[in-house]
Amino acid sequence: MKYQNSLAFAREQDAEDPLKKYRNEFHIPKDKDGNDWLYFTGNSLGLQPKKAQYYVNLEMKDWAEQGVEGHFNGTYPWVTYPETLQGMMAKVVGAKPEEVIIMDTLTTNLHLLMVSFYQPTAKRHKILIESDAFPSDRYAVQSQIKFHGYDPETSLVEWSPKEGKDLLDMDDFESILEEQGEEIALILIGGVNYYTGQRFDFKKLADLGHAKGCYVGIDLAHGVGNIMPDLHNSGVDFSAWCTYKYLNSGPGSLSGIFVHERHAHNRELPRFAGWWNHNKETRFNMRLPFDVMPGAEGWQLSNPPILSLVPIRAALEMFEEVGMEQLREKSVKLTGFLQYLMGELGSDVVRVITPRNPEERGCQLSISVNNADKRLHEQLMENHVITDWREPNVIRCAPTPFYNTFEDVYQFVQILKGLIKKS
Ligand SMILES: *Cc1c(COP(=O)(O)O)cnc(C)c1O
């Protein structure tokens, strides 16, 4: 696509944007002067779909009017609520409906999945993660290693960038597997790295990992809703993601999980149990021995927290209506525009860490600003721009295809340019 560095160009793109009506389906936060924030932190907390409130109110009403009867007689009966989201969620991540379920929160789910997919033995006890893994994922795998009686010093392996580089290379991943593959029980990678925005080839990770007998899992928190992860065809064993980033379902909301269908009927996989992964036909007989459900539902423990679950319906219905193909198409253009404008700013001022190739990134760009410190972030806030700051000098900026505009991107770069000039 041919970009131009002008407000007129940005406005023209917005006018031609087939998804332009969706911005108005979200609440756009305003600063104290009443200006819309230039909101680029969909990678941290997605904006509220206007319809979310309707769905929450509906459940408050059913609860008020029906009490316990809402479990079976509500507008959306609570016992089967998660099932009603499986189909829409599956399309967003490229899975079969029975391979996904929404339950619990992300870090909890990583642990529940590791109960099944991290079964260390004296010969095969290692976990491979990316060196700049999201802290929660790192803590989770460290604690799993310790829980099983091993030492993270020797059992945690890191895939690191080459000396002086920010991004990870596939050949280093291959070398690690060549050297230690037989000792690695689990590979757990952030599918889009939260810091650099680098997106990995899941199929390659899965094929290489499986060839060495490792399980392969993907943390999809920074990928879901902005890339097309094609989880089923990639062949990864499992995945998990939160729904409050690009899936816009509210602070601390629930997490989706994916378990590949090849594990759907494996009753031998170790797992934790509760009444909610017991056969739903006989669940309420209450006295039968545990009988695990097939598919991703077989990892649930508890009856679903309905009030956290319902905003996800509002968001998923929009994804269903638009489809990931269209969203991704806009996203590639929109993030490409930001990349182009960064180029115009000049490499003596900013350096984009994220890969240039759209196939190797989602919608986020991580921008390293020369000679900047946190003061720049504060100044951006004063100019009603919300981005995410990472020490020492990196702005993580995520133009989100559902509600960000080309004009948002253009204005952001104008403001950034003004601030850099002044300092
Ligand atoms: C956002 C995020 C988390 C947060 O986990 P919660 O359990 O939802 O608090 C964990 N891992 C990654 C990679 C994330 O992007």
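Thresholds, definitions, all that
- As a convention, each chain's residues are numbered from 1 in the sequence order in which they are written.
- Local features are withheld for residues below a pLDDT of 70 in this predicted model, meaning they are given only at 70 or higher, and side-chain atom pairs are given and counted only at 80 or more; totals for whole chains, interfaces and linings count all residues.
- With hydrogens and water excluded, all non-hydrogen atoms of the structure serve as input to the side-chain values.
- Counting from the N terminus, the helices are DSSP H or I runs at least four residues long and the strands are E runs at least two residues long.
- We compute the radius of gyration from the C-alpha atoms alone; for a globule the expected value is 2.2 Å times N to the 0.38, where N is the number of residues.
- Throughout this description, buried means an accessible area under 20% of the type-specific maximum (1.4 Å probe, protein chains only), exposed means over 50%, and partly exposed covers the range between.
- Residue contacts are defined here by distance: any two heavy atoms, one from each residue, within 4.5 Å place the two residues in contact.
- Accessibility throughout is a Shrake-Rupley quantity obtained with a 1.4 Å probe, and a residue counts as covered only by protein chains that appear here.
- Residues enter patches when they are more than 30% accessible in relative terms and free of salt bridges; like-charged ones are connected within 9 Å and nonpolar ones (Val, Leu, Ile, Met, Phe, Trp, Tyr) within 5 Å.
- Here, a salt bridge means any Lys or Arg side-chain nitrogen found within 4 Å of an Asp or Glu carboxyl oxygen.
- Here a strand pair is declared whenever DSSP counts at least two bridges between the two strands.
- Inter-axis angles, ranging from 0 to 180 degrees, are taken between N-to-C directions of lines fitted to C-alpha atoms, where helices are fitted over the stretch in contact.
- We call a residue near a molecule or strand whenever a single non-hydrogen atom of that residue lies within 4 Å of it.
- Polar contacts, as used here, are pairs of N or O atoms within 3.5 Å; protein pairs need one atom able to donate a hydrogen and one able to accept it. Residues neighboring in sequence count only if both atoms are side-chain atoms.
- Residue classes follow a fixed rule: Ala, Val, Leu, Ile, Met, Phe, Trp, Tyr, Cys and Pro count as nonpolar, while Asp, Glu, Lys and Arg count as charged, and any other residue, Gly among them, counts as polar.
- Note on convention: near helix rotated counterclockwise from far helix by under a right angle means a left-handed crossing. Clockwise means right-handed.
- The directions considered for the arc are those from the helix axis to the C-beta atoms.
- Each angle receives one of four descriptions, namely roughly parallel if under 35 degrees, roughly antiparallel if over 145, roughly perpendicular if within 65 to 115, and oblique otherwise.

## A closer look at the overall build of the protein
Across its full length, the protein holds 14 helices and 13 strands. Relative to the globule expectation of 22 Å for 423 residues, the C-alpha radius of gyration of the protein, 22 Å, shows essentially globular dimensions. Taken over the C-alpha atoms alone, the protein extends approximately 70 × 60 × 35 Å along its principal axes. Counting every position in the protein, which comprises 423 residues, the buried fraction comes to 56%. Within the protein, contacts between residues separated by at least 24 positions form 69% of all contacts whose residues are at least 6 apart in sequence. If you sum the accessible surface of the protein, you get close to 18,400 Å²; carbon and sulfur atoms cover 50% of it.

## A look at a nonpolar patch on the surface
A surface patch of nonpolar side chains, amounting to about 440 Å² of accessible area, comprises Phe 72, Trp 275, Phe 284 and Met 286. Within the fold, Phe 72 resides in helix α3 (residues 70–73).

## Regarding the sheet that holds strand β2 (residues 100–103)
In any sheet, the strands associate via hydrogen bonds between backbone groups, in a parallel or an antiparallel arrangement. The seven strands are arranged β2-β8-β7-β6-β5-β3-β4 in an open sheet whose pairing can be described as mixed. Of all the strands in the sheet, the pair left with one neighbour each is β2 and β4 (156–159). Here the strands of the sheet are splayed against their neighbours by 20 degrees on average, with no regard to which way each runs. Each of β2, β3 (126–130), β5 (184–190), β6 (215–219), β7 (238–242) and β8 (255–259) touches helix α5 (residues 106–117); the most contacted strand, β7, lies at about 170 degrees to it.

## What to know about the site of the ligand
As a matter of local geometry, the ligand sits amid Leu 106, Thr 107, Phe 134, Asp 137, Asp 219, Ala 221, His 222, Tyr 244 and Lys 245. Thr 107 places a polar side-chain atom, nitrogen or oxygen, 2.6 Å from an oxygen atom of the ligand. His 222 places a side-chain nitrogen or oxygen 2.8 Å from an oxygen atom of the ligand. Against a free-state accessible area of 390 Å², the protein chains account for coverage of 83% of the ligand. Within the shell around the ligand, the residues separate by chemical class into four nonpolar, two polar and three charged.

## Structural notes on the pattern of salt bridges
Applying the stated criterion to the full structure yields 27 salt bridges. Put simply, Lys 91 and Glu 320 hold a salt bridge, and the shortest N to O gap is 2.7 Å. Note that Lys 91 is positioned in helix α4 (residues 83–93) and Glu 320 in helix α11 (residues 306–322), a separation of 229 residues in sequence. Residues joined in a network through salt bridges with shared partners are Arg 23, Lys 30, Asp 36 and Asp 408.

## What about the packing of α5 against helix α6 (residues 135–147)?
The contact between α5 and α6 brings their axes to 10 Å, and the two run at 35 degrees. For the pair α5 and α6, the sense of crossing is right-handed. Counted together, Thr 107, Leu 110, His 111 and Met 114 of α5 and Ser 136, Asp 137, Ala 140, Val 141, Ser 143 and Gln 144 of α6 form the full contact between these two elements. Of the residues contributing to the contact of α5 with α6, the split by class is four nonpolar, five polar and one charged.

## Here we look at helix α8 (residues 170–180)
Where α8 is concerned, the buried positions are Met 170, Asp 172, Phe 173, Ile 176, Leu 177 and Gln 180. Angular distribution of buried residues about the axis of α8 spans 160 degrees; they occupy a single face of the element. Turned more than 90 degrees away from the buried face of α8 sit Glu 178 and Glu 179, all of them exposed. Tucked inside the fold, the buried residues of α8 contact β3, β4, β5 and α9 (202–211).

## Some remarks on the packing of α8 against α9
Relative to each other, α8 and α9 sit at 15 degrees, their axes nearing to 10 Å. Classed by the angle they form, the pair α8 and α9 counts as roughly parallel. Here the hand of the crossing between α8 and α9 comes out right-handed. In contact with Met 170, Phe 173, Glu 174 and Leu 177 of α8, α9 contributes Lys 204, Leu 205, Leu 208 and Gly 209. Partitioning the contact of α8 with α9 into residue classes produces five nonpolar, one polar and two charged.

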